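Chain residues, written in single-letter form:
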Amino acid sequence: MSVNSNLFVIIFASAIFYGTPLVFAAVGELLAERSGVINLGVEGMMLLGAVSAAMVAANVDGPAALVLPLALLAAMVAAGLGASIHAFLVITLRVNQIISGLALTIFAGAAGLSSYLANVWGLGKHPALNQFGRMDLFGLKKFPVLGPILFDQTLLTYLSWVLVVAVMVYLFRTRMGLHLRAVGESPQTADSVGISVTRYRYGHVIVGGMLAGVAGACFSLTIVPTWANGLTAGEGWIALALVIFGFWRPDLTLVGAYLFGALSSLSYTLQARGIDVPTALLDALPYVATIVVLVIVSNSRISRRLGSPAALGRPYEREER
Amino acid sequence: MTTDVDSKAVTAPAVAAFGVSKRFPGVIANDDVHFDVRVGEVHALLGENGAGKTTLSNILTGLYRPDAGHLEMGGVRVSFDTPRDAIDAGIGMVHQHFRLIPTFTVAENIALGAPQPGERVRLDMAAVERRITELGEQFELRVDPRARIWQLSVGEQQRVEILKVLYREARILIMDEPTAVLTPIEADALSQTLTSLTSQGRSVIFISHKLGEVISVADRITVLRQGRSIETLDATGSTRESLATVMVGREVERVERRGVGALPGAPVVLSVSELDADGDRGLPALRSVSLDVRGGEIVAVAGVAGNGQRELVEVLAGLRPRTSGRIVVDGEIMDRADARHPIRMGVAYVPQDRLGTGLAPDLSIAENLVLKRYRRPPVARPPFLRSSVIDAEAQSLMEQFDVRAPSSQTPTRRLSGGNVQKVLLAREMSGRPKVLVVSTPTQGLDIGAVATVHQLLLDAAAEGVGVLLVSEDLDEVLALADRVVVMYEGSVTGVVDAADATVASIGVLMGGGRSEEVA
């Protein structure tokens, strides 16, 4: 047996595989939260993305190089539309962000629009015709230990790495990133120096939603890979916890996503190896960890110390007399 | 200031307002305002709250457009549609409440919204830092561009605000009540900064309602009253009295009593010893605070805002738990940390946030007046309230405390600041307290209301109540107090007899200097 089929190598490799949708969803949510908007609709937007991607993959005939980008685009558009509902409600109408986000998840979620659309489109009967397969990056797949972990992933995983680096640079090295952080910390200050709070918030909530759509597409195009009702299995909620877990930084969020990816995949991996563990317990682990993280940070004093944007969750209204 | 007089006369004013008017529904905020600011001058806008200073500065910074009249800069007519236009024209605002982001660095705050020429996507922080250092040297405003705002003192933060405006190439700086948050020593440093600004051709519009400060800092003073510009005066030759008369429109009496002191043999009604308490963030906010107040005495707690005064007052009112220490009210130990306990022991409390914490804004005056007595007769016949009694009491208290309102059923949120404070004092005094704790009782009130509130505090002391007055206004402290307790970073840095106290001596203690004299 080569070193590459060692149990730990496999756990690491599947942690990255299963963690990839979490990276997309959490980085998207991070962008929205950096602008001061919490969007609890991540789960719903992921399902919208998943169902739209599945629809394109099931119905459009053509080479994978054409169909898959189209499927991703459809996922981003659908989830972006979902996010723009939230954006309109909380930014323009100043509705409570928690309520609006929950409503979005319920509306689009497993018992809502996504299942309805899947029904109408007749999805889920066959596996997707096209899916993102594993790509042997730079031909390094066979490289000991690192090969299967880093160089035998899908294109979506490689894209997620590009995304994390890009968002790091954007947040901390560009003027727009500085302005975004200012909007999330103190919209009054940003407004007083001529930064459009509304524009920044709309932009980042919608882009965040599009990334949640990509996260959903990860399920219907690689992990499952077809449509099944509620196939995201609550990972949208995990993504929300990850943003906090990663102190609102993309790099740490990525680490967290892989940790949760490992937890999510542990039961398959161990079962495949014939190791006997109660799977219900293992399957519950990521959710238990999520609840713990959310309880800890729901105390605003702690979350402030962790680096939460100071204006997170608060609508902005210019003071007038 | 250093520009010679002849050249001033020929250059057009840096900025001038001609007949500027601005109406809001039901209010005329500015009515035919005229004034002009010369190049290199500090020009004060003096007026009471509601005189139209804020509206005028909002017009100058492009936030509002005037309904009538116009502005000129350097003799050329200008009009601003947005704040951006005003910034581009060279007008910069130094806000009273700093517009700074505490977790950002100085350089990041200054760079916000002000792109460097030739900048692309990437943000060149090093260039921003260099420019800040240059400006700091040019105007003697030294501050470390890499420091984070929360690490800076209030005075340093204000320097950052000024640098922010200079970074945007402002020629005219509007400063809104800039000394309100400063210690006297920091205020001196600010006036040196003003000199350095004006000597390099910048003009400053200095908004204030403090007479003494305006006379010492400004070259000329434009007085606003009820939205109108009444007069522009030279600072040299103006006195507090002459300015106050123009500002209020009539002669003003100043209520003053210094060092009358407790009645001989009056008992200590409030004794605080070795009090420790934590602030909102869980860090120690009070460190071993001790003080005594005797019946009939006014003891002032002076200090720059945020040095533990709020926490002290809240502990005394039972709103904040203490970590250690002893509080004795009229011989009785206060041993429970809840709000009702101090009320029963005879501690009356007038909080800084009068309308939010002190009163229920949507309830009527009458209901507010009995808020602390509604459980017992005669106001209640439990479990019912007796509205006829409540109303009769309200009528008599309103008369006694000169509360001006349409009726006792008017919601308190509809009252002016002065009347809100009178309702609050009426309620607290009607409980026959032994100790009256008041926090910044005249902040934001106009001169007439200030005098009334001061008189009410003196009346309370004359009735034998021990008054603990927390105030950031040193003039008020010196006018009313018998003794002054100065706080800095949660500790008492000195206790001074009002008779010996001066603004300078208290100022040293407010900045953390220790005094050995304990009265």
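What you see is a predicted model, and the numbers here were worked out from it, not measured in a lab. (Residues numbered from 1 in each chain as written. Chains lettered and ligands numbered in written order. Predicted model: local features only at pLDDT ≥ 70, side-chain atom pairs only at ≥ 80, totals over all residues. Heavy atoms only, no water.)

**Here's the deal with the nonpolar core**
Item 1. Within the largest apolar cluster, 138 residues are counted, with the highest numbers of intra-cluster contacts made by Trp-227 of chain A together with Ile-162, Met-175, Leu-197 and Ile-221 of chain B.
Item 2. Among the elements that take part in this core, helix α1 (residues 7-34) of chain A stands out by supplying 14 residues, more than any other.
Item 3. With residues up to four places along the chain from it excluded, the contact list for Leu-197 of chain B reads Phe-139, Ile-162, Leu-166, Leu-173, Met-175, Arg-202 and Val-204 of chain B.
Item 4. Counting residues in hydrophobic clusters, the runner-up holds 51 residues, among them Met-398, Ala-426, Ala-460 and Val-477 of chain B. (Core = buried A, V, L, I, M, F, W, Y, C linked by side-chain atoms within 4.5 Å. Buried < 20%, exposed > 50% of the residue type's maximum accessible area, 1.4 Å probe, protein only. Helix = DSSP H or I, 4+ residues; strand = E, 2+ residues; numbered from the N terminus. Contact = heavy atoms within 4.5 Å.)

**Comments concerning the domain arrangement of chain B**
All names here are of chain B.
Item 1. By the assigned domains, chain B splits into domain 1 (5-90 + 172-238), domain 2 (103-170) and domain 3 (268-518).
Item 2. With centres defined by C-alpha atoms, the gap from domain 1 to domain 2 works out at 24 Å.
Item 3. Counting residues at the interface gives 16 residues for domain 1 and 14 residues for domain 2.
Item 4. In total, about 1200 Å² of surface goes out of reach between domain 1 and domain 2, with carbon and sulfur atoms giving 58% of it.
Item 5. Looking at the side of domain 1 facing domain 2, the largest losses of area belong to Leu-173, Gln-200 and Arg-202, adding up to 29% of the total buried there.
Item 6. The interface formed by domain 1 and domain 2 includes zero salt bridges.
Item 7. The tally of links between domain 1 and domain 2 comes to five residue pairs in polar contact (both at pLDDT 80 or more).
Item 8. When contributions to the side of domain 1 that touches domain 2 are tallied by element, the ones reaching two or more residues are α3 (83-89), β7 (172-176) and α7 (184-199).
Item 9. The biggest single contributor to the side of domain 1 that touches domain 2 is α7, with five residues. (Domains from an automatic or database assignment. Buried area = accessible area lost by both parts, 1.4 Å probe. Salt bridge = Lys/Arg side-chain N within 4 Å of Asp/Glu carboxyl O. Polar contact = N/O pair within 3.5 Å; in protein donor to acceptor, adjacent residues only side chain to side chain.)

**Remarks on the sheet that holds strand β15 (residues 332-333) of chain B**
Residue and element names in this part refer to chain B.
Item 1. Spatial ordering of the open sheet is given by β12-β11-β14-β15, a layout of four strands whose pairing is antiparallel. Edge positions in the sheet fall to β12 (284-294) and β15, since each has one partner strand and no second.
Item 2. Of the pairings in the sheet, the one linking strand β11 (residues 268-278) to strand β14 (residues 324-329) comprises five bridges and is antiparallel in character. Counterpart to Asp-276 in the pairing with β14 is Ser-324. (Pairing = 2+ DSSP bridges.)

**A short note on the confidence of the model for chain A**
Interpretation of the predicted coordinates at a detailed level should be avoided for regions scoring low in pLDDT.
Item 1. On average, residues of chain A carry a pLDDT of 89, and 96% of them reach 70 or more.
Item 2. In the model of chain A, helix α14 (residues 300-306) of chain A stands out as the element of lowest mean pLDDT, 66, in contrast to helix α10 (residues 197-223) of chain A, which has the highest, 96. (pLDDT = per-residue confidence, 0-100.)

**Here's the deal with the pattern of salt bridges**
Residue and element names in this part refer to chain B.
Item 1. Throughout the structure, instances matching the rule amount to 27 salt bridges over all chains.
Item 2. With a shortest N-O distance of 2.8 Å, Glu-41 and Arg-220 are connected by a salt bridge. Taken together, the residues Glu-41 in the loop between β2 (27-37) and β3 (42-46) and Arg-220 in strand β9 (residues 220-225) connect sequence positions 179 residues apart.
Item 3. When its relative accessible area of 0% is taken as the criterion, Glu-41 is described as buried.

**Let's talk about the interface of chain A and chain B**
Item 1. Every contact between the two is made by 21 residues of chain A and, on the other side, 28 residues of chain B.
Item 2. For the pairing of chain A and chain B, the buried interface totals around 2000 Å² over both sides, and the portion due to carbon and sulfur atoms is 57%.
Item 3. Counting across the chain A and chain B interface gives one salt bridge.
Item 4. Note that Arg-181 of chain A and Glu-108 of chain B form a salt bridge whose closest N and O atoms lie 3.5 Å from each other.
Item 5. Viewed at the interface, chain B and chain A are joined by six residue pairs in polar contact (both at pLDDT 80 or more).
Item 6. Those elements giving two or more residues to the side of chain A that touches chain B turn out to be α8 (175-185), α9 (187-192) and α14 of chain A.
Item 7. Among the elements that line the side of chain A that touches chain B, the one with the most residues is α8 of chain A, at six residues.

**Quick notes on a nonpolar patch on the surface**
Residue and element names in this part refer to chain A.
Item 1. Among the surface-exposed residues, Ile-98, Ile-99, Leu-102, Ile-106 and Trp-237 lie close enough to one another that they form a single nonpolar patch of about 470 Å² accessible area.
Item 2. For the nonpolar patch, the element with the highest residue contribution is helix α4 (residues 97-108), accounting for four residues.
Item 3. With respect to the secondary-structure elements, Ile-98 resides in helix α4.
Item 4. Since its relative accessible area comes to 37%, Ile-98 is described here as partly exposed. (Patch = residues over 30% accessible without salt bridge, like charges linked within 9 Å, V, L, I, M, F, W, Y side chains within 5 Å. Areas by Shrake-Rupley, 256 points an atom, 1.4 Å probe, with all protein chains shown as cover.)

**Focus on helix α6 (residues 154-167) of chain B**
Item 1. The end-to-end C-alpha distance of α6 of chain B, which contains 14 residues, comes to 20 Å, matching closely the 20 Å that a straight helix rising 1.5 Å per residue would cover.
Item 2. Counting buried positions along α6 of chain B yields 11 of 14 residues, so the element is predominantly enclosed.
Item 3. Of the surrounding elements, those touching the buried residues of α6 of chain B are α9 of chain A together with β6 (91-94), α4 (106-111), α5 (125-139), β7 and α7 of chain B.
Item 4. Note on α6 of chain B: the residue one or two positions beyond its end, Glu-169 of chain B, has a positive phi of about 65°. (Expected span 1.5 Å × (residues − 1).)

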